[in-house]
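So the chains spell out like this:
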Amino acid sequence: MADHRRQAQRVLFLALGVNVTLTVIKAIVGILSQSLSLQADALHSLTDAGSSILGLVAMQWASPHPDRDHPYGHQKFEALGALGIAAFLGMVCFEILQSAVERLLHQSSAITITGVELWIVILVLGMNIGLTLYEHHMGYKLNNSVLIADAKHTLSDVWTTIIVLLGLIGVWTFNWDWLDVVLAFLVAALVFWSAWDVLKSNIPWLVDEVAIAPEAIHELVMSVPGVVNCHDISSRGMVGRQVFIEMHLIVEAEDIPTAHDITEQIETLLQDRYGPARVVIHVEPPDYESSQISFS
């Protein structure tokens, strides 16, 4: 796990360097050409760099191993880092919309784009796509939520750059200066959607939403020989990363060692199906009855 975190940090350092480079290139070309959409895209790339820094800070704290102060581990720091990325995206969306409205209300100088500047934007797009694919691959390979969130952020930058490039081609070919402002609004919409996607995937983890349907756990547990019933089942966390499962169990056992063996079998089954998992099982007396699988 520690090795995975180090690999994820190396990926984020690489993403940081690439995003800083892209920000500088887009900003220079955007200022030279007076393109609002390209300047907005440069701002977006700047938040990509900021999100990489935020991800590095989050992963420094996001150890899965428990300690005295954090007995359930530190992995929620990764979710906090992902929410920080969403906040960056929200700021970008606001800045883009504000600039677009100002451009509509106050006519500014015309956009002047050259063929060389268009090729530079195409090169930037290629770098963005390469970084997105690499981050996405490593995020799922290392099962790291910060990398996955950062890859989604970078993917939104790919789409915005594509939109900006199409707009610049329209301006260069047909002198459609109005297209640049229209596309700036589209860029803002894509950024907002990326922020919502990151929020949607991380808030359930932070608010301890159910990780596994209690009926699924109940069916699996009841397949173990010696189990009479299980109830008050709860789960939280993220399947594939770490889940916490609790339940009350009634077993058919004449002594404590036999009851312990049954609970060990259940823990093994749950680990194999949903692991890594931390399972807490409270064994009830044999004559205890309850029909409540989970909490209503």
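The preceding data block contains the structure.
Keep in mind the model is a prediction, meaning the values are calculated, not measured.

Colleague: Explanation requested: the packing of helix α5 (residues 145-174) against helix α6 (residues 177-206) in the structure shown.
Modeller: Two numbers describe a pair of packed helices, the interaxial angle and the distance between the axes. At their nearest, the axes of α5 and α6 sit 9 Å apart, and the two run at 170° to each other. Here α6 runs roughly antiparallel to α5, going by the angle between their axes. Its residues assigned to classes, the contact of α5 with α6 comprises 15 nonpolar, eight polar and four charged.

Colleague: I'm lost on a negative patch on the surface in this one. Help?
Modeller: Together, E252, E254, D255, D261 and E264 line one region of the surface with negative charge. Mapped onto the secondary structure, E254 falls in the loop between β2 (242-251) and α8 (256-274).

Colleague: So what exactly am I meant to see when it comes to α8 here?
Modeller: Compared with an ideal rise of 1.5 Å per residue, which puts 19 residues at 27 Å, α8 spans 26 Å between its outermost C-alpha atoms and is within 8% of the ideal. Of all the residues in α8, the buried ones are A259, I262, T263, I266, L270 and Y274. All buried residues of α8 lie within an arc of 95° about the axis, which places them on one face of the element. Along α8, exposed side chains directed more than 90 degrees from the buried face belong to P257 and D272.

Parameters at a glance
- Along each chain, numbering runs from 1 in the same order as the chain's sequence is written.
- The predicted origin of the model limits local features to residues at a pLDDT of at least 70 and limits the giving and counting of side-chain atom pairs to 80 or more, whereas totals for whole chains, interfaces and linings rest on all residues.
- Derived side-chain values reflect all non-hydrogen atoms in the structure, with water molecules and hydrogen atoms excluded from consideration.
- Helix axes are fitted only over the stretch in contact, all axes being lines through C-alpha atoms; the angle between N-to-C directions runs from 0 to 180 degrees.
- We count a stretch as a helix when DSSP gives it H or I for four or more residues in a row; a strand needs E for two or more, and each element gets its number in order from the N terminus.
- Roughly parallel here means an angle under 35 degrees, roughly antiparallel means over 145, roughly perpendicular means 65 to 115, and every remaining angle is called oblique.
- The nonpolar class holds Ala, Val, Leu, Ile, Met, Phe, Trp, Tyr, Cys and Pro. Asp, Glu, Lys and Arg form the charged class, and all remaining residues, Gly among them, are polar.
- Only residues above 30% relative accessible area that lack a salt bridge enter a patch, with like-charged residues linked at up to 9 Å and the nonpolar side chains Val, Leu, Ile, Met, Phe, Trp and Tyr linked at up to 5 Å.
- Per-residue and other accessible areas were derived by the Shrake-Rupley procedure at a 1.4 Å probe size, with only the shown protein chains allowed to occlude residues.
- Here a salt bridge means any side-chain nitrogen of Lys or Arg lying within 4 Å of a carboxyl oxygen belonging to Asp or Glu.
- Asp and Glu are treated as the negative residues and Lys and Arg as the positive ones, with His and the ends of the chain left uncounted.
- Lysine's charge is taken at NZ, arginine's at CZ, aspartate's at CG and glutamate's at CD.
- Multiply 1.5 Å by the residue count of a helix minus one, and that product is the helix's expected span.
- Only protein chains enter the calculation, and the probe is 1.4 Å; a residue is then buried if its accessible area is under 20% of its type maximum, exposed if over 50%, and partly exposed in between.
- In this context, the arc is that of the directions from the helix axis out to the C-beta atoms.

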